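Coordinate analysis (summary)
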Amino acid sequence: MAELLAANIGGDERIQARAESDKPNEASEARSRLLDESGIQGPQSKVIPNRYIITMKDRPGLAAGAPADQGQIENLVSNLRFDPRSRSDTIVFRHAISGFAATLSPAEKRLIESDPNVLAVEQDRVVSRQPVKRSLMAAGPRKELQTGVERVEGHLSPTANAPGGVDATIAIIDTGINLRHPDLNVVRQKSFVPGVATAEDDDGHGSHVAAIAAARKDGHGTVGVAPGARLWALKALDKDGNGSWSQIIAAIDYVTQHADKVDVVNMSLSDTEQSKALDRAINRSVDAGVTYVVAAGNDARDAKLEAPSNHPRVLTVSAISDGNGKGGGGANPACEPDEVDDAFATFSNYGKNVRLAAPGVCIEAASKRQGNDVDTYESMSGTSMAAPHAAGGAALIKAKNRSASPDQVIDKLISEAKQQSDPLYGFTGDTDGYSEPLLNVKNL
Ligand SMILES: [Ca+2]
Ligand SMILES: [Ca+2]
Ligand SMILES: [Ca+2]
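Residues numbered from 1 in each chain as written. Chains lettered and ligands numbered in written order. Predicted model: local features only at pLDDT ≥ 70, side-chain atom pairs only at ≥ 80, totals over all residues.

1. Looking at the packing of helix H6 (residues 205-214) against helix H9 (residues 383-400)
In the contact formed by H6 and H9, the axes pass within 7 Å of each other and the chain directions differ by 40 degrees. Classified by the angle their axes make, H6 and H9 are oblique. Our pair here, H6 against H9, has a crossing hand that is right-handed. Of the residues in H9, those touching H6 at His-205, Val-209, Ile-212, Ala-213 and Ala-214 are Ser-384, Met-385, Pro-388, His-389, Ala-391, Gly-392 and Ala-395. When grouped by side-chain class, the residues that make up the contact of H6 with H9 number 8 nonpolar, 4 polar and no charged. (Axes fitted to C-alpha atoms, helices over the stretch in contact; angles between N-to-C directions. Helix = DSSP H or I, 4+ residues; strand = E, 2+ residues; numbered from the N terminus. Parallel < 35°, antiparallel > 145°, perpendicular 65-115°, else oblique. Left-handed = near helix turned anticlockwise from the far one by under 90°. Contact = placed C-beta atoms within 7 Å. Nonpolar A, V, L, I, M, F, W, Y, C, P; charged D, E, K, R; others polar.)

Rendered as structure tokens:
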């Protein structure tokens, strides 16, 4: 199986991954990337023909948090012999970056590239949610406190137990959210997928991520790390888990426009290529006060080879395996025979970009609606599941301290986390030389 997976990666990429690793990963023989039953196989940079993301230069002296666009697009349009905004598939960005995404002819692209107001013209590419291993769960009563939340001691956090739910807002940039799931407090929804009107989740990944972060504590379903926190369903990925960087940037632009209302963003998605537009969009959104939490990726390689897990200002989260919600080992997760209790997940990306670990194997939480049934649950494994545990932790910090900056939120999460060597809470198997601690929210 591992050889089949490796064959999918391609020789050059594997050599690059090994050469660019900061330290040899001693456990690499036991590692393999995670395959998705629905066909998603991790980032494989696919170009979207003739579609480009145009980033304008910032006006000098632009204040942090101010709208990025102050007429630069209009300046460009006045220099062009056409207005790209008039096209139905053009997306304009004004808050996280100044710019737009559009389908352009070669001549139009050259014209835009030659304009002195333009910083970059980049190819738009397909971006996908992280692959996950998944299985639908039977209907009926279940244990509300699932292993992941127990392992990070979410049930002991005083903020998580506040009556009325956690007073913070988490935006989930993903496949949407099951808008009527009884466990999920979705207060806003918006679709960035062309031709899709609502952010109703037609894949299941976004609902699952949302529930890990914020499922209600109500004696039903499961409970998240920040129970009942307000959720924004920002659908940038379609029913197959695919989208584009321009759709992701559109969602980041929307978050940045509303940065006074959004505390935390979770992104469990990736691509292999860098994007100046994406990097600037995240920077500006963080400047506006929003904390970004992202999955490290499931390709068993250095997280610096993928975006946005390589962005220096996001919190990148790796996955551990846990089968019983407690440290100490000896309880391998039931749904994944290759994973070892309280050990680094075999598929998780690693490297110095990864600053925190969280549970990400055999996690049970909400899924998409099935016909008329909205009260659905799935078990999923992936760093996609680790990141929202940390996003919930970030929401707990913001609920207590509204003015905490993204850097302060991330520093607090890391300082409260448990060292890998901790006999009660630690984990084994992380051999890259960067010993990120394990999320713990008991004191948040
Ligand atoms: Ca619940
Ligand atoms: Ca355990
Ligand atoms: Ca590490």
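2. Considerations on the sheet that holds strand E17 (residues 377-381)
Spatial strand order, E5-E17-E16: 3 strands in an open sheet with antiparallel pairing. With one partner strand each, in any of the chains shown, strand E5 (133-136) and strand E16 (363-366) form the two edges of the open sheet. Pairs of neighbouring strands in the sheet enclose a mean axial angle of 30 degrees, with direction left out of account. Two elements, E5 and E17, share 4 bridges in a ladder whose sense is antiparallel. When the sheet's bridge partners are listed, Ser-135 is paired in E17 with Ser-379. (Pairing = 2+ DSSP bridges.)

3. A few points about the packing of H9 against helix H10 (residues 406-416)
Where H9 meets H10, the axes come as close as 10 Å, and the angle between the chain directions of the two elements is 115 degrees. Of the possible angle classes, the one that applies to H9 and H10 is roughly perpendicular. Judged by the twist between their axes, the crossing of H9 over H10 is right-handed. The residues of H10 that touch H9, namely those facing Ala-390, Gly-393, Ala-394, Ile-397 and Lys-398, are Val-409, Lys-412 and Leu-413. Its residues assigned to classes, the contact of H9 with H10 comprises 5 nonpolar, 1 polar and 2 charged.

4. Let's talk about the domain arrangement of the protein
By the assigned domains, the protein splits into domain 1 (46-127) and domain 2 (128-416). Taken residue by residue, the interface counts 21 residues in domain 1 and 29 residues in domain 2. Those elements giving two or more residues to the side of domain 1 that touches domain 2 turn out to be strand E1 (46-56), strand E2 (91-93), strand E3 (99-103) and strand E4 (118-129). Residue contributions to the side of domain 1 that touches domain 2 peak at 6 residues, all from E4. (Domains from an automatic or database assignment.)

5. Considering H10
Taken residue by residue, H10 has Pro-406, Val-409, Ile-410 and Leu-413 as its buried positions. An end-on view of H10 places all buried positions within 95 degrees of arc, on one side of the element. Structural note: H10 exposes Asp-407 and Ser-415 on the side pointing more than 90 degrees away from its buried face. Here the buried face of H10 lies against helix H8 (276-287), strand E12 (291-295), strand E13 (315-321), strand E15 (354-359) and H9. (Buried ≥ 20, exposed ≤ 12 C-beta atoms within 10 Å, placed from the backbone. Arc of directions from axis to C-beta.)

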